[in-house]
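Results of the structural survey
What follows is each chain in one-letter form.
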Amino acid sequence: MKKWISIITLLFLVACKSSEPELVSSEYYYTCSMHPQIVENKPGLCPICHMDLIKVKRTQSAPDEVSLNEEQIRLANVVTAQVIEEGVGTKDVLTGVVTEDESRTSTVTSWIQGRVDKLYYKNTADFVPRGAPVFSIFSEELRNAQQEYLAAIEKKRTLDNSIVDFDRIIDAAAQKLKVMGITSSQIEALKKEGKAPGLTTYYSPVSGTIIELPIFEGGYVQAGDVVMRLADYSTLWVQAQVYPNQLTSMREGDKVQLDFPDLAELKLQGRIAFISPEIMPDSRLAQVRIEVANKNKVLKPGMAAYVLFERKAEKTPVLPVDAVIRDKDKNIVWIQTGEGNFKWREVRLGEESNRQVAVVSGLNTGDKVVVSGVYLLNSEYLLKKGLSGGHAH
């Protein structure tokens with residue numbers, strides 16, 4: 001009887017031992033590919049998603065490293081890319097206003113004293129072609145000079161002799177008329193007519209649009225008084241204001257893009273013609289002048305403008321912005337150090353543009369940086385290493 005009891009007890013113990021789950025050595029552990037925080041030392045189901053746990057080999061990674069198997073890399077969509085050097089520039093948008101090009105403005109003045117009897121252009125914004133009549137004036141001073149010229153011609157005709165050099169007298173009288181703004185063709189017409197006209201017409205030496213017209217018909221002018229100011233609108237300026245920290249990236253001669261809110265489809269290229277050496281004390285801004293061609297005369301002074309200026313940087317390692325984990329203390333990227341092995345590295349960032357960011361320090365050209373799956377990789381690291389592993393997110 002005792003013999004049978006011993007046999008039954010032995011069979012019971014064997015049955016109990018065979019029903020225990022298979023344990024694995026400390027070299028492996030089981031985890032869920034979807035929930036890596038689940039870590040078991042035996043196979044089974046994930047208590048969250050009820051998927052089969054997968055067997056993972058333990059690694060003796062450094063405190064700042066983490067290892068993933070092929071399945072984890074695939075599920076986390078971990079993708080790496082080699083670091084390359086590029087120049088990351090930032091685009092600044094400046095506001096400005098279109099003005100006339102002051103270097104292309106001209107002033108028509110009166111050569112003599114007199115009364116303006118006729119004004120051929122009476123409105124600002126009128127276009128005056130070169131050589132067009134501007135005003136007719138009555139001047140006693142000019143009339144006397146014209147009569148002196150005609151008298152010299154008459155004396156030569158009636159009293160011509162070898163004692164008096166009438167040609168020299170005539171040339172001197174003609175030169176006096178030229179000093180008063182009379183053209184050679186007008187002097188020839190005066191000689192042909194043989195008498196001084198009551199009014200003398202003056203012509204525009206340049207073409208342009210009237211931007212100032214201070215005289216009127218019947219008014220009196222002195223020699224040197226402004227009759228009108230003309231502007232050549234074939235080239236205009238865009239006056240923009242910039243912050244002092246933007247000036248370091250600007251150079252005279254740099255090209256910029258110009259947009260105009262009033263002309264939505266118009267995009268022009270301009271050139272920085274002048275950068276003010278002074279900062280305006282009231283606004284703490286500097287003035288920048290951009291020169292732009294106005295071929296079709298569609299731009300008008302007073303229009304608003306947007307100046308798109310790209311600040312270029314020196315070549316430096318560049319990454320997609322999503323490859324960087326940022327927190328209040330540091331910026332972290334993940335580097336692939338071997339097959340399935342990844343190591344975090346702190347970096348210092350520079351300029352950012354078009355979803356790209358320059359890395360000032362912490363990376364070298366050729367490093368393989370994780371550009372996709374960064375946050376899942378970082379979560380895996382924190383679960384395995386904890387906050388004592390080297391960095392916290």
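Residues numbered from 1 in each chain as written. Predicted model: local features only at pLDDT ≥ 70, side-chain atom pairs only at ≥ 80, totals over all residues. Heavy atoms only, no water.

Turning next to the packing of aromatic side chains. Applying the stated rule across the entire model yields one aromatic pair. Ring centres 5.4 Å apart and planes at 15 degrees place the aromatic pair Phe 135 and Tyr 202 in the stacked group. Taken together, the residues Phe 135 in strand E11 (residues 133-138) and Tyr 202 in strand E12 (residues 200-203) connect sequence positions 67 residues apart. Here the two residues Phe 135 and Tyr 202 agree in accessibility, since each one is buried. Sitting over the ring of Tyr 120, Lys 118 keeps its end group 5.1 Å from the ring centre. (Phe/Tyr/Trp six-rings, centres within 6.5 Å; stacked < 30°, edge-to-face > 60°. Helix = DSSP H or I, 4+ residues; strand = E, 2+ residues; numbered from the N terminus. Buried < 20%, exposed > 50% of the residue type's maximum accessible area, 1.4 Å probe, protein only. Lys NZ or Arg CZ within 6 Å of the ring centre and 35° of its normal.)

Glancing now at the pairing of E11. Here four bridges tie strand E9 (residues 114-119) to E11, and the two strands are oriented antiparallel to one another. The residue bridging Leu 119 from the neighbouring strand is Phe 135, located in E11. Relative to E12, E11 is paired through four bridges, and the arrangement is antiparallel. Paired with Phe 135 across the two strands is Tyr 202, which belongs to E12. (Pairing = 2+ DSSP bridges.)

To continue, consider the sheet that holds strand E13 (residues 208-212). Reading across the sheet, the four strands line up as E8-E15-E13-E10 and stay open at both edges, with antiparallel pairing between neighbours. Looking at which strands have only one partner, the edges of the open sheet turn out to be strand E8 (105-109) and strand E10 (127-128).

The next point concerns the sheet that holds E12. The strands making up a sheet associate through hydrogen bonds between their backbones, and the pairing can be parallel or antiparallel. Taking strand neighbours across the sheet as the criterion, the four strands line up as E12-E11-E9-E14 in an open arrangement whose pairing is antiparallel. In this open sheet, the two edge strands, each paired with only one partner strand, are E12 and strand E14 (220-221). As paired elements, E9 and E14 share two bridges and run antiparallel to each other. When the bridges of E14 are listed, Arg 115 appears paired with Tyr 220.

Between helix H4 (residues 166-179) and helix H5 (residues 184-193), the least distance of the axes is 10 Å, while the angle of their chain directions is 130 degrees. For the element pair H4 / H5, the angle class is oblique. Handedness of the crossing formed by H4 with H5: right-handed. From H4, Ala 174, Leu 177 and Lys 178 reach across to H5, where they touch Ser 184, Ile 187 and Leu 190. Of the residues in the contact of H4 with H5, the class split is four nonpolar, one polar and one charged. (Axes fitted to C-alpha atoms, helices over the stretch in contact; angles between N-to-C directions. Parallel < 35°, antiparallel > 145°, perpendicular 65-115°, else oblique. Left-handed = near helix turned anticlockwise from the far one by under 90°. Contact = heavy atoms within 4.5 Å. Nonpolar A, V, L, I, M, F, W, Y, C, P; charged D, E, K, R; others polar.)

What follows deals with the pattern of salt bridges. Across all of its chains, the model carries twelve salt bridges by this definition. Residue Arg 115 pairs with Asp 117 through a salt bridge whose shortest N-O separation is 3.5 Å. Asp 117 sits in the partly exposed class, given a relative accessible area of 35%. The shortest N-O distance in the salt bridge between Asp 259 and Lys 267 comes to 3.3 Å. Note on Lys 267: relative accessible area 52%, which makes it exposed. What you see here is one network of salt bridges that share partners, running through Asp 101, Arg 104 and Asp 232. (Salt bridge = Lys/Arg side-chain N within 4 Å of Asp/Glu carboxyl O.)

Taken together, the side chains of Met 34, Met 51 and Leu 75 define a hydrophobic patch exposed on the protein surface, amounting to about 260 Å² of accessible area. Assignment of secondary structure puts Leu 75 in helix H2 (residues 70-75). (Patch = residues over 30% accessible without salt bridge, like charges linked within 9 Å, V, L, I, M, F, W, Y side chains within 5 Å. Areas by Shrake-Rupley, 256 points an atom, 1.4 Å probe, with all protein chains shown as cover.)

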